[in-house]
Structure formats: structure tokens, C-alpha cells
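The primary structure of each chain is shown beneath.
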Amino acid sequence: AQKVTQAQTEISVVEKEDVTLDCVYETRDTTYYLFWYKQPPSGELVFLIRRNSFDEQNEISGRYSWNFQKSTSSFNFTITASQVVDSAVYFCALSVTGANNLFFGTGTRLTVIP
Amino acid sequence: GAGVSQSPRYKVAKRGQDVALRCDPISGHVSLFWYQQALGQGPEFLTYFQNEAQLDKSGLPSDRFFAERPEGSVSTLKIQRTQQEDSAVYLCASSLELGTWAYEQYFGPGTRLTVT
């Protein structure tokens, strides 16, 4: 069975602070993909990143960075110098070979206070 | 270009009524998905289409839920005899590729269904 755990339900930070959102996943498949999506108040899930299970290189995109560690089954997401526009619910998701759907965590609500 | 669109954005139904939710995927996207998102939860899979074929409906919670995509583009999710537990946001997503598990899905804004 597949499972994604986002233990942080809500996080509040002051603007310009760095913040890390945690994601821990469970799967017996050796080939899988991990995703992060952002869900702003408008409701539409916005794709942020996809990472396959064979690529453990960390990735940086502007103020966003991702740390994938297979040894701990984690795929954490860091926002540097947070901005008010980063306020949203962030979901980590998992897909496995042959599955037709994404398995989502319960999300982390991030509030950036000006 | 145009993203995934859904209509209506909000729907209030009295218990026992039938509802129909529409999804217009991104043009040319082969794969289409429906998810149900309860308040404070992550989306949960309902069903998957590859073109007009419904290849997976394992997530549909009961036989009151029915989805179709007759021409391989627009899809409709129908819920018969709505119950209060059906209240949720229904998200539609589409993907360009056939190998669904490896590619990102593009989501619509969702339809918020409230059953009173």
C-alpha cells in the first residue's frame, strides 16, 4: 500500500523567514515518482515539482528547493525568504508503477505573515 | 493556453437530488482523472479515463457515482441521490501522456458540492 504523511498540519512564519515542509512516504515499489503541489485559496492545485525514485539529486528553483532522501523516505520542501504569496496549502503526492492516480498527503497549510 | 475548467464552481443540492459536474480538460490531453477532496484532506482518487475509456473506477465510493467521457474530451461526474457525506470539492485533472503514473497532472479549480 502507498501512503504519504505530512505531519505538519499548519505552519505560520513571518515574511522573509525560511520554512521547510516535511513529507514522508511509504511504498514497496522501487520505481515511483514524488510530487509537490500548491493549492492557493482559489482551489486549483498547481504543480511544483516531480522527482523519480532514481534521482536523489536535490533541486533548486528560485526560492524553492527540494531534498529527496531515500534512506529516510522523505521528500522535503523548503521555501527561502518566504513571501505572503506563498500562503497556501501544500500537498506532497506519490505515484507508483502501473497506478492510475496520485496518492496525496493531507497537506500543510502555510501562512506567511507580513 | 487554457487550463482545465470545471463547472459549476459551486453547487448546493438537497439530499436526494441528482447532480452533474462537468470537466473540460486541456485540449489534447489523453488522460482525465476525478478526485474528491474532503475539507482539510488531500484529494482522493475516484476514477480515470484514457480517451473515452474508463480504465479505473476503483475509487468511486458507491454505485450512486457515475462518470463518463463519451468523446474523449469533456467529462461529467454524476452523483445520484446525493447524501450529506457527498459534500466535498470535486477536482478534475488531465495529463498529456498515457503513462499516467509518471507525469504531472494539471488540475481544475474544482466544484464545491454542498448537500443540505
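Refer to the structure printed above.
Caption draft 1: Spatial organisation of the overall build of chain A. Across its full length, chain A holds zero helices and 12 strands. When the helices and strands of chain A are read in sequence order from the N terminus, they spell out β-β-β-β-β-β-β-β-β-β-β-β. Taken over the C-alpha trace, chain A has a radius of gyration of 14 Å; the compact-globule value for 114 residues is 13 Å, and the two agree within 12%. Dimensions of chain A, computed from the C-alpha atoms along their principal axes, are close to 45 × 25 × 20 Å.

Caption draft 2: The arrangement of the pairing of strand E8 (residues 75-79) of chain B in detail. Residues and elements named next belong to chain B. Burial analysis of E8 places four of its five residues in the buried class, which makes it a mostly covered element. Strand direction decides the pairing type here: strand E3 (residues 19-24) and E8, joined by five bridges, are antiparallel. Paired with Ala20 across the two strands is Lys78, which belongs to E8. Hairpin geometry of strand E7 (residues 65-68) and E8 is characterised by an intervening segment of six residues between the two adjacent antiparallel strands and by a positive phi of about 75 degrees at Gly72.

Caption draft 3: Structural context of the side chain of Glu104 of chain B. Examined against the element boundaries, Glu104 of chain B turns out to sit in the loop between strand E9 (88-95) and strand E10 (106-107). A polar contact is formed between the side chain of Glu104 of chain B and the side chain of Tyr106 of chain B, at a distance of 3.4 Å.

Caption draft 4: Here's a closer look at the interface of chain A and chain B. Residue-level contacts link 24 residues of chain A with 21 residues of chain B. Counting the surface lost from both chain A and chain B, the interface buries some 1,800 Å², and carbon and sulfur atoms represent 55% of this. Applying the counting criterion to the chain A and chain B interface returns one salt bridge. Note that Arg50 of chain A is salt-bridged to Glu104 of chain B, the shortest N-O span being 3.0 Å. Residue assignment for the side of chain A that touches chain B shows that the elements contributing at least two residues are strand E5 (32-39), strand E6 (46-52) and strand E10 (88-96) of chain A. Counting residues per element, the side of chain A that touches chain B draws most heavily on E5 of chain A, which supplies five residues. When its residues are assigned to classes, the side of chain A that touches chain B shows 11 nonpolar, 11 polar and two charged.

Caption draft 5: Representation of the packing of aromatic side chains. In this structure the tally under the stated criterion is 22 aromatic pairs over all chains. Where Trp36 of chain A meets Phe77 of chain A, the ring centres are 5.3 Å apart and the plane angle is 50 degrees; that geometry is what we call tilted. Of the two residues, Trp36 of chain A sits in strand E5 while Phe77 of chain A sits in strand E9 (residues 74-79), which places them 41 residues apart along the sequence. Neither residue differs from the other here; Trp36 of chain A and Phe77 of chain A are each classed as buried. Taking the centre distance of 5.1 Å and the plane angle of 90 degrees together, the rings of Tyr64 of chain A and Phe77 of chain A count as edge-to-face. With Tyr64 of chain A in strand E8 (residues 64-69) and Phe77 of chain A in strand E9, this pair connects stretches of sequence that are 13 residues apart. A single burial state applies to Tyr64 of chain A and to Phe77 of chain A, both of which are buried. An aromatic cluster is built from Tyr33, Phe35, Tyr37, Phe47, Phe91 and Phe104 of chain A together with Phe33, Tyr35, Phe45, Tyr48 and Phe107 of chain B, whose rings are joined through pairwise contacts.

So, how was this worked out
Residues numbered from 1 in each chain as written. Chains lettered and ligands numbered in written order. Predicted model: local features only at pLDDT ≥ 70, side-chain atom pairs only at ≥ 80, totals over all residues. Heavy atoms only, no water. Helix = DSSP H or I, 4+ residues; strand = E, 2+ residues; numbered from the N terminus. Rg over C-alpha atoms; globule rule 2.2 N^0.38 Å. Buried < 20%, exposed > 50% of the residue type's maximum accessible area, 1.4 Å probe, protein only. Pairing = 2+ DSSP bridges. Polar contact = N/O pair within 3.5 Å; in protein donor to acceptor, adjacent residues only side chain to side chain. Contact = heavy atoms within 4.5 Å. Buried area = accessible area lost by both parts, 1.4 Å probe. Salt bridge = Lys/Arg side-chain N within 4 Å of Asp/Glu carboxyl O. Nonpolar A, V, L, I, M, F, W, Y, C, P; charged D, E, K, R; others polar. Phe/Tyr/Trp six-rings, centres within 6.5 Å; stacked < 30°, edge-to-face > 60°.

Remember that the coordinates give geometry; whether it matters functionally is a separate question.
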